[in-house]
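So you can see what is in the structure, the chains are spelled out below.
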Amino acid sequence: MEEQKKEWYVVNTYSGHELAVKQKLEMRTESMGMQDYIFRVIIPETTEVEVKDGVKKEKVKKLFPGYILVEMVMSDEAWYVVRNTPGVTGFIGSSGKGAKPTPLQPQEVDKVLNSMGISRIDVNKELVSGSKVRIISGPFAGMFGTIEEVDAPNQKVMLNVDLFGQETSVEVAISEIEVAG
């Protein structure tokens, strides 16, 4: 079996049930021992400041009501666990008839997560000095590099890449890389 990598999927829920589905899915992941297949469950939302009668109020607004993002390895078991979580109505990008859904493209995930101040890559666990990564966009797209340094606050990494046979340090945005398997 080919090694599967974790990717982001859009899961459809009953509108207004996003938090309950997130909590149930996280509990099921734990109780069914699926931590190696189902990782982060995120409700895409943004905080807006409203001024009403001169009083500032922060209001959390869902970006996509009725949808949550799930970072997972699409195995048969993980697919089953997510699909059968109470409140889940299905995956986006599945043609039905038992076909597995299509994952989001990294740049689609980045757009949503970055707007929430979250990174697609789990910076603390996946980006450590010496890790191998593949550059997926920008001037160095398609090249592989080794992490020298992680600048999490600025969402950048310093990589060692082989440029024309020469080890060279380059700075790349975290959104432009993926962890090499």
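Quick caveat: nothing in here was measured; it's all calculated off a predicted structure.

Caption draft 1: How the structure looks around a negative patch on the surface. A grouping of Glu148, Glu149, Asp162, Glu167 and Glu171 is seen on the molecular surface, where their side chains present a negatively charged patch. Looking at the secondary structure, you find Glu171 in strand β10 (residues 166-173).

Caption draft 2: Highlighting the nonpolar core. Counting residues in each nonpolar core, the largest one holds 18 residues, and the members touching the most others are Ile38, Val70, Met72 and Phe91. Ranked by the residues each element gives to this core, the list is headed by helix α2 (residues 76-83), at four residues. Sequence-distant contacts of Met72, that is, excluding residues within four places in its chain, are made with Lys5, Lys6, Glu7, Tyr9, Tyr37, Ile38, Phe39, Ala78, Trp79, Val82 and Phe91. Of all hydrophobic cores here, the second largest spans 13 residues; its members include Ile121, Val133, Ile147 and Val170.

Caption draft 3: Quick peek at the confidence of the model for the protein. For the protein, per-residue confidence averages 87 on the pLDDT scale, and 97% of positions sit at 70 or higher. Across the protein, element-level confidence peaks in helix α1 (residues 18-31) with a mean pLDDT of 96 and bottoms out in helix α4 (residues 123-126) with 72.

Caption draft 4: Quick look at the environment of Met116. Note that Met116 resides in the loop between α3 (106-115) and α4. Sequence-wise, Met116 and Tyr80 are 36 residues apart; in three dimensions their C-alpha atoms are separated by 28 Å.

Caption draft 5: Structural detail: the sheet that holds strand β5 (residues 67-72). Strand order in the open sheet formed by four strands is β2-β5-β1-β6, with antiparallel pairing between adjacent strands. Sheet topology places β2 (38-42) and β6 (88-91) at the edges, where each strand pairs with a single neighbour. Put simply, the sheet's adjacent strands are angled 30 degrees from each other on average, direction ignored. Two elements, β2 and β5, share three bridges in a ladder whose sense is antiparallel. Residue pairing across strands places Val41 opposite Val70, the latter belonging to β5. Packed onto the sheet, α1 meets β1 (7-13), β2, β5 and β6 and runs at close to 165 degrees relative to β2.

The rules we used
Residues numbered from 1 in each chain as written. Predicted model: local features only at pLDDT ≥ 70, side-chain atom pairs only at ≥ 80, totals over all residues. Heavy atoms only, no water. Patch = residues over 30% accessible without salt bridge, like charges linked within 9 Å, V, L, I, M, F, W, Y side chains within 5 Å. Areas by Shrake-Rupley, 256 points an atom, 1.4 Å probe, with all protein chains shown as cover. Salt bridge = Lys/Arg side-chain N within 4 Å of Asp/Glu carboxyl O. Lys, Arg positive; Asp, Glu negative; His and termini not counted. Charge placed at Lys NZ, Arg CZ, Asp CG, Glu CD. Helix = DSSP H or I, 4+ residues; strand = E, 2+ residues; numbered from the N terminus. Core = buried A, V, L, I, M, F, W, Y, C linked by side-chain atoms within 4.5 Å. Buried < 20%, exposed > 50% of the residue type's maximum accessible area, 1.4 Å probe, protein only. Contact = heavy atoms within 4.5 Å. pLDDT = per-residue confidence, 0-100. Pairing = 2+ DSSP bridges. Axes fitted to C-alpha atoms, helices over the stretch in contact; angles between N-to-C directions.

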